[in-house]
Amino acid sequence: MKLKSLTAKFGARSAALGGLAALLVTLAGPAGAADAPKKPEPTLEQRIASLEAYVTNGDPAAPLKDKDGKIAEGLATPTSATSGPGHNAWQMACSALVLFMTLPGLALFYGGLVRKKNVLSVLAQCLGIAGLVTILWWACGYSIAFAGGNPFMGSWTKFAFLKGVDSAPNTDYSFWVSQNVFSMYQLMFAIITPALIVGAVAERMKYSAILVFITLWMFVVYFPLAHMVWGIDGFMNGVWNAKATIQAIDFAGGTVVHMSSGWSALILCLILGPRVGFGKEQMPPHSMVLCMVGTGMLWVGWYGFNAGSAVAADGIAANAFMTTTLATAVACFTWAVAEWVMRGKPSVLGFCSGAVAGLVVITPACGFVNSTGAVIIGVAAGLIPFFAVTKLKGLIGYDDALDTFGVHAVGGTLGALLTGFLAVLDVNANLSTNLKAVVGSSLWIEQVKAIGLTFVLAVVGTAILAYIVKAVIGLRPAPDEERQGLDIVDHGEEGYNLI
Amino acid sequence: MKKIEAIIKPFKLEEVKSALSEVGVEGMTVTEAKGFGRQKGHTEIYRGSEYTVDFLPKLKIDIVVGDELVSAAVDAIIKSARTGKIGDGKIFIMNVEEAVRIRTDERGAKAV
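Source: prediction; values computed, not measured.

Trainee: Looking at this structure, how should I read the overall build of chain B?
Mentor: Assigned secondary structure in chain B consists of two helices and six strands. Reading the helices (α) and strands (β) of chain B from amino to carboxyl end gives β-α-β-β-β-β-α-β. Its C-alpha atoms give chain B a radius of gyration of 17 Å, clearly above 13 Å, the size a compact globule of 112 residues would have. Within chain B, buried positions represent 32% of all 112 residues. Contacts spanning at least 24 positions in sequence make up 71% of the contacts within chain B whose residues lie at least 6 apart. Only carbon and sulfur atoms are counted for the fraction: they give 51% of the accessible area of chain B, which is about 7,300 Å². Side chains of chain B give 19 positive and 18 negative charges; the mean places of these two sets differ by 4 Å.

So, in structure tokens, the structure goes:
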């Protein structure tokens, strides 16, 4: 290395010395190769094809394969088993963006919507979940979700404690992104999903009960569901698993993230019961300003969530970036206009709710639909969750404090279904691998099956776990503690120490 | 000596203050207050939930003046705080038995 940089310097100064330097390098070359004389060398064509795979996000080892699809022992190119800098950089940035969605995006979005005596409890729940889920993910969560195993669950041990999860790509999921980056990217999804549930049970669930419930919920609902939808041998992974029983598609988590958290939130809030004073006392948001700030962060972070789900800085990510923007902006506007027509005024909470609904509904579709599909999704996302939180909630009378069900369960289900109708082959070549026959025809039936399975897992899993936690440690604080506010009772702090 | 207590709309404070200074009132105490009279409150809607806000933000001004200044001060408040719409507020006038300036121990009208 030193020799090379030295010779490079001389080379720059003088052509004659440069020639000498080239000679030195040439002399050094064979000496290095002599150590392993039997190692087969790739041809120049193989090396170029392997390098081209970086640009096309293809398999850099493909050019090395013979007719039977085998690679001669020891045959490799410099790019065939390493990460690609551009794809890796994009994925690291996206991981940070998805974390930013939870901390502080979702924390502020939810924090602004609660009463001021509970603002810190919501922030503490988001922070606590980020720490807790990371530990679970390191111990065995990643392995259960993403190691190969059976169609319902990965391996408890293969990647336990992130053993073997290093900077080399795991080619089950990406040819160019380091597996350690991929595992951290997926961790951020595992963090935000349970954090979404918090919205339904805000202001009235004991901190300890939330952490215990979430721990169990990750093992019973999230890790298996993530494996079924995204795991290489997953039950519902229509895009990558040719043997998937349900040939469904979910680009960034309509079922795994939004349906699972939304339906679980509804069940948990029903078992928990309404807040003390619900329906009699006023419970308006304490800061719409924080709520709007959080919404903006969610929107920005969601580019990492949706476009990043391509797991490459490629054309599919580019398309997802566009569809995410279109659907979100359209839904943001549509919800507020619906309010304007129905109630006379467009509210900031209406704009914020519409934006989040748009982001939720486009999530499963963003890498599979074109601009027209995105706008259709935006309009649907602005109207259907709007009616769910303004009409349906009042009719049924459950206390979903911050509308996790109305936005995430209704939106996630809507998105999963619309993806079945609006997915088109020409925006995503991967759809042609295993799903050419169903896209544009019967894909929506596969989507309905995936919705059904997700619904059953979330509802049954949550009901059982909630009753277990209720029986063992109890779910709620004492009524007068709840009246005092969870900030002081659970955390010994107040959000605002103003005079 | 009389104490004049005026409840006014918050955005009228600057006008009321200068009107009172012009007629010779030298000090005042201002408190943020909430309340309702005939104006009642308003309704706020957050997604599906409607809340009635009964107590609207107001300012309460307390001034103490000698008897000769009372009617001029009241007129100044009425002129400067009036918008003509409901919710303009109220003025209450009451007797003050004694006033003391803490720094000098002065008593009576000299102290205000």
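Following the structure, the description resumes.
Trainee: Mind showing me how you'd approach the sheet that holds strand 2 (residues 29-35) of chain B here?
Mentor: Residues and elements named next belong to chain B. Spatially, the four strands line up as an open sheet ordered 2-5-1-6, and their pairing is antiparallel. The open sheet has two edge strands, strand 2 and strand 6 (90-95), and neither has a second partner. Pairwise comparison of adjacent strand axes, ignoring direction, gives a mean angle of 25 degrees for this sheet. Two strands pair when backbone bridges link them, and strand 1 (residues 2-8) and strand 6 are joined in this way by six bridges, in the antiparallel orientation. Bridging from a neighbouring strand, Ala6 pairs with Ile91 of strand 6. Contacts from helix 1 (residues 13-22) reach strand 1, strand 2 and strand 5 (56-65), with the element oriented near 10 degrees to strand 5. Across the face of the sheet, helix 2 (residues 70-81) comes into contact with strand 1, strand 5 and strand 6 while running at roughly 5 degrees to strand 1.

Trainee: What is the right way to read the interface of chain A and chain B from this model?
Mentor: A common measure of how large an interface is: the accessible area buried when the components associate. Between chain A and chain B, the contact holds 15 residues from the first and six residues from the second. Summing the contributions of chain A and of chain B, the shared interface buries around 1,000 Å²; its carbon and sulfur component is 52%. Broken down residue by residue, the surface that chain A buries against chain B is led by Gln282, Arg343 and Leu349 of chain A, which jointly contribute 41%. Viewed at the interface, chain B and chain A are joined by one salt bridge. Mapped by element, the contributors of at least two residues to the side of chain A that touches chain B are helix 4 (85-113), helix 11 (348-362) and helix 12 (371-396) of chain A. Of the residues in the side of chain A that touches chain B, the class split is nine nonpolar, three polar and three charged.

Trainee: I tried to follow the side chain of Ser178 of chain A on my own but got confused; where do I start?
Mentor: Note that Ser178 of chain A resides in the loop between helix 5 (119-146) and helix 6 (179-201). Looking at Ser178 of chain A, its side chain comes within polar contact range of the side chain of Ser83 of chain A, at 3.4 Å.

Trainee: Quick question: what am I supposed to make of the environment of Ser174 of chain A here?
Mentor: Residue and element names in this part refer to chain A. Counting through the fold element by element, Ser174 comes out in the loop between helix 5 and helix 6. Residue Ser174 is classed as buried on the basis of its relative accessible area, which comes to 5%. Residues Ser174 and Gly420 lie 246 residues apart in sequence; the distance between their C-alpha atoms is 25 Å. Once residues lying within four places of it in the same chain are set aside, the contact partners of Ser174 are Pro169 and Val311. A polar contact is formed between the side chain of Ser174 and the backbone nitrogen of Val177, at a distance of 2.9 Å.

Trainee: How should empty space enclosed by the protein be read in this particular structure?
Mentor: Unfilled space is identified by rolling a water-sized probe across the atoms. All names here are of chain A. Tallied over the entire structure, the rule returns three cavities of 30 Å³ or more. Looking at the largest cavity, its volume works out to about 50 Å³. Around the largest cavity, the lining residues are Val229, Met236, Ala248, Ile249, Asp250, Thr255, Ala416, Gln447, Ala450 and Ile451. The greatest single-element share of the lining of the largest cavity, amounting to three residues, is contributed by helix 15 (residues 443-472). Here the lining of the largest cavity is built from residues that sort into seven nonpolar, two polar and one charged.

Trainee: Got a minute to help me understand helix 12 of chain A in this structure?
Mentor: Because an α-helix packs 3.6 residues into every turn, residues spaced three or four apart end up facing the same way. All names here are of chain A. Taking 1.5 Å of rise per residue, the 26 residues of helix 12 would be expected to cover 38 Å, and the 36 Å separating its terminal C-alpha atoms lies within 8% of that figure. Helix geometry: helix 12 is bent most strongly at Val389, by close to 35 degrees. The N-cap of helix 12, judged by a side-chain oxygen 3.2 Å from the amide nitrogen of Thr372 a few residues on, is Asn370. Directly beyond the C-terminal end of helix 12, a positive phi value near 85 degrees is found at Gly397.

Trainee: Hey, could you run me through helix 10 (residues 315-343) of chain A in this one?
Mentor: Residues and elements named next belong to chain A. In this model helix 10 runs 42 Å from its N-terminal to its C-terminal C-alpha over 29 residues, within 8% of the 42 Å that 1.5 Å per residue would give. Of the residues flanking the start of helix 10, the one acting as N-cap is Asp314, its side-chain oxygen 3.3 Å from the backbone nitrogen of Ile316. Residue Gly344 follows helix 10 closely and has a positive phi angle near 95 degrees.

Trainee: Teacher, can you tell me more about the layout of surface pockets here?
Mentor: The volume enclosed by the largest pocket comes to roughly 710 Å³. Lining the largest pocket are 33 residues; nearest its centre among them are Tyr173, Trp240, Ser309, Ala310 and Asn430 of chain A. Put simply, the parts of the chain that give the lining of the largest pocket at least two residues each are helix 6 and helix 7 (207-230) of chain A. A per-element tally of the lining of the largest pocket places helix 6 of chain A first, with three residues. Here the residues of the lining of the largest pocket sort into 20 nonpolar, ten polar and three charged. Estimates place the volume of the second largest pocket at around 490 Å³. Along its surface, the second largest pocket is lined by 15 residues, and Pro284, Pro285 and His286 of chain A together with Lys34 and Val53 of chain B are the ones closest to its centre. Taken together, the elements giving at least two residues each to the lining of the second largest pocket come down to strand 3 (42-46), strand 4 (49-53) and strand 5 of chain B. When the residues that make up the lining of the second largest pocket are grouped by side-chain class, the tally is seven nonpolar, three polar and five charged.

Trainee: Got a minute to help me understand the domain arrangement of chain A in this structure?
Mentor: Residue and element names in this part refer to chain A. According to the domain assignment, chain A consists of domain 1 (2-64) and domain 2 (85-491). The centre of domain 1, based on its C-alpha atoms, is set 47 Å off from the matching centre of domain 2. At the junction of the two partners, domain 1 supplies seven residues and domain 2 supplies seven residues. Buried surface at the junction of domain 1 and domain 2, both sides included, amounts to about 650 Å², of which 62% is carbon and sulfur. Our count for the domain 1 to domain 2 interface comes out at zero salt bridges. For the pair domain 1 and domain 2, the interface holds five residue pairs in polar contact (both at pLDDT 80 or more). Taken together, the residues of the side of domain 1 that touches domain 2 break down into three nonpolar, three polar and one charged.

Scoring rules and cut-offs
- Residues numbered from 1 in each chain as written.
- Chains lettered and ligands numbered in written order.
- Predicted model: local features only at pLDDT ≥ 70, side-chain atom pairs only at ≥ 80, totals over all residues.
- Heavy atoms only, no water.
- Helix = DSSP H or I, 4+ residues; strand = E, 2+ residues; numbered from the N terminus.
- Rg over C-alpha atoms; globule rule 2.2 N^0.38 Å.
- Buried < 20%, exposed > 50% of the residue type's maximum accessible area, 1.4 Å probe, protein only.
- Contact = heavy atoms within 4.5 Å.
- Areas by Shrake-Rupley, 256 points an atom, 1.4 Å probe, with all protein chains shown as cover.
- Lys, Arg positive; Asp, Glu negative; His and termini not counted.
- Charge placed at Lys NZ, Arg CZ, Asp CG, Glu CD.
- Pairing = 2+ DSSP bridges.
- Axes fitted to C-alpha atoms, helices over the stretch in contact; angles between N-to-C directions.
- Buried area = accessible area lost by both parts, 1.4 Å probe.
- Salt bridge = Lys/Arg side-chain N within 4 Å of Asp/Glu carboxyl O.
- Nonpolar A, V, L, I, M, F, W, Y, C, P; charged D, E, K, R; others polar.
- Polar contact = N/O pair within 3.5 Å; in protein donor to acceptor, adjacent residues only side chain to side chain.
- 1 Å grid on protein atoms, 1.4 Å probe; cavity = no way out; pocket = protein on both sides within 12 Å on 5 of 7 lines; lining within 4 Å.
- Points joined across faces, edges and corners; volume = space filled by probe spheres on them.
- Expected span 1.5 Å × (residues − 1).
- Bend = angle between axes of the 7 residues up to and from the residue.
- Domains from an automatic or database assignment.

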